[in-house]
Amino acid sequence: MKIYYGLQKKAFKNTPRAVAIGIFDGVHRAHQKILREVVKKARAKKLRSIVVTFDPHPATILRHQAHAPIILSLEHRLRFFSELGLDEALVIGFSRAFSRLPREYFLENILLKKLNARAVVVGHDFRFGRYGA
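Everything numeric in this text was worked out from a predicted model, so none of it was measured. Within every chain, residues take consecutive numbers counted from 1 along the sequence as written. Note on the predicted model: pLDDT of at least 70 is required for a residue's local features to be given, and 80 or more for side-chain atom pairs to be given and counted; whole-chain, interface and lining totals, by contrast, use all residues. To obtain the side-chain values, all non-hydrogen atoms of the structure were used and water was disregarded.

**Details of the confidence of the model for the chain**
This is how it is decided: pLDDT is a per-residue confidence score from the predictor, ranging from 0 to 100. Each helix is a run of H or I in the DSSP string that is no shorter than four residues. Each strand is a run of E no shorter than two, and both are numbered from the N terminus.
Averaged over every residue, the pLDDT of the chain is 88; the share at 70 or more is 90%. Here helix α2 (residues 58–62) stands out as the least confident element of the chain, with mean pLDDT 79; strand β2 (residues 17–21) is the most confident, with 97.

**Describing the sheet that holds strand β5 (residues 117–121)**
Strand pairing in a sheet is mediated by backbone hydrogen bonds. Such pairs are either parallel or antiparallel. Filter applied, for reference: We treat two strands as partners when DSSP finds at least two bridges between them. Here, axes are lines fitted to C-alpha atoms. For helices the fit covers the stretch in contact, and angles between N-to-C directions go from 0 to 180 degrees. Residue contacts are defined here by distance: any two heavy atoms, one from each residue, within 4.5 Å place the two residues in contact.
Sheet architecture is open: five strands sit in the order β1-β4-β3-β2-β5, paired in parallel fashion. Among the strands making up the open sheet, the edge pair consists of β1 (2–5) and β5. Averaged over neighbouring strand pairs, the angle between their axes works out to 25° when direction is ignored. Against the sheet, helix α1 (residues 29–45) contacts β2, β3 (48–55) and β5, and its axis sits at roughly 155° relative to β5.

**Focus: the pattern of salt bridges**
Basically, it comes down to this: Put simply, a salt bridge is a Lys or Arg side-chain nitrogen that is within 4 Å of an Asp or Glu carboxyl oxygen.
What the rule picks out here adds up to five salt bridges. Residues Lys41 and Glu37 are paired through a salt bridge, measuring 3.6 Å at the closest nitrogen-oxygen approach. Of this pair, Lys41 and Glu37 are both found in helix α1, four residues apart, which corresponds to roughly one turn of the helix. Its salt-bridge partner being Arg79, residue Glu75 comes within 3.2 Å of it at the nearest N-O pair.

**Brief notes about the packing of aromatic side chains**
Where we set the bar: To pair, rings of Phe, Tyr and Trp, with the six-membered ring standing in for Trp, must have centres within 6.5 Å; the planes then decide the type, stacked if under 30 degrees apart, edge-to-face if over 60, and tilted in the middle. Between buried and exposed lies partly exposed: a residue is buried under 20% and exposed over 50% of the maximum accessible area for its type, with that area taken using a 1.4 Å probe on protein chains only.
A full pass over the atoms with the stated rule returns five aromatic pairs. Judged by centre distance (5.9 Å) and plane angle (85°), the ring pair of Phe24 and Phe81 falls under edge-to-face. Taken together, the positions of Phe24 in the loop between β2 and α1 and Phe81 in helix α3 (residues 74–83) put the pair 57 residues apart, joining distant regions of the chain. Accessibility expressed as a relative area gives 0% for Phe81, which makes it buried. Ring plane angle 45° and centroid distance 5.9 Å describe the contact between Phe54 and Phe98, whose orientation is recorded as tilted. One end of the pair, Phe54, is in strand β3; the other, Phe98, is in helix α4 (residues 96–99), with 44 residues separating them in the sequence. Residues Phe54 and Phe98 agree in their burial class; the two are buried. Pairwise contacts between aromatic rings join Phe54, Phe94, Phe98 and Phe106 into one cluster.

**Examining the side chain of Lys114**
So the rule is basically this: We score Asp and Glu as negative and Lys and Arg as positive, and we do not count His or the chain ends. Contacts described as polar in this section are N or O atom pairs within 3.5 Å, which, within protein, must combine one atom able to donate a hydrogen with one able to accept it, while residues neighboring in sequence count only if both atoms come from side chains.
For Lys114, the location among the structural elements is in helix α5 (residues 103–114). Of the side chains with opposite charge, Glu88 comes closest to the buried, unpaired Lys114, at an N-O distance of 12 Å. Separated by 3.5 Å, the side chain of Lys114 and the backbone oxygen of Leu7 make a polar contact.

The following block contains the structure:
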């Protein structure tokens, strides 16, 4: 599995992808279902599968929690993503500035332009963009 740290300009090229987004801090059954679904969609549509995750945990930034409730470290999550068959992982450094990006920016510039997303799989309670819009 190829791992990207940050949104480097040249790293992603124009490869179409199926994207899963989340912290996946425990990689429990619901997380596994999401990750397996993105791999399944990618294979069916001949796309690359990628998981987008964040470090540090957004709760450490948004709720000022010194120790967010993380069950698995980033290293363990990345290993688990690979074991589930994902082609790529993108680790985005979560910051106050990143949290303020409007949802339209995240959708258009990161998901569509940068990652060339053709399918997106998220959990039922997933939110993105400023104030979880």
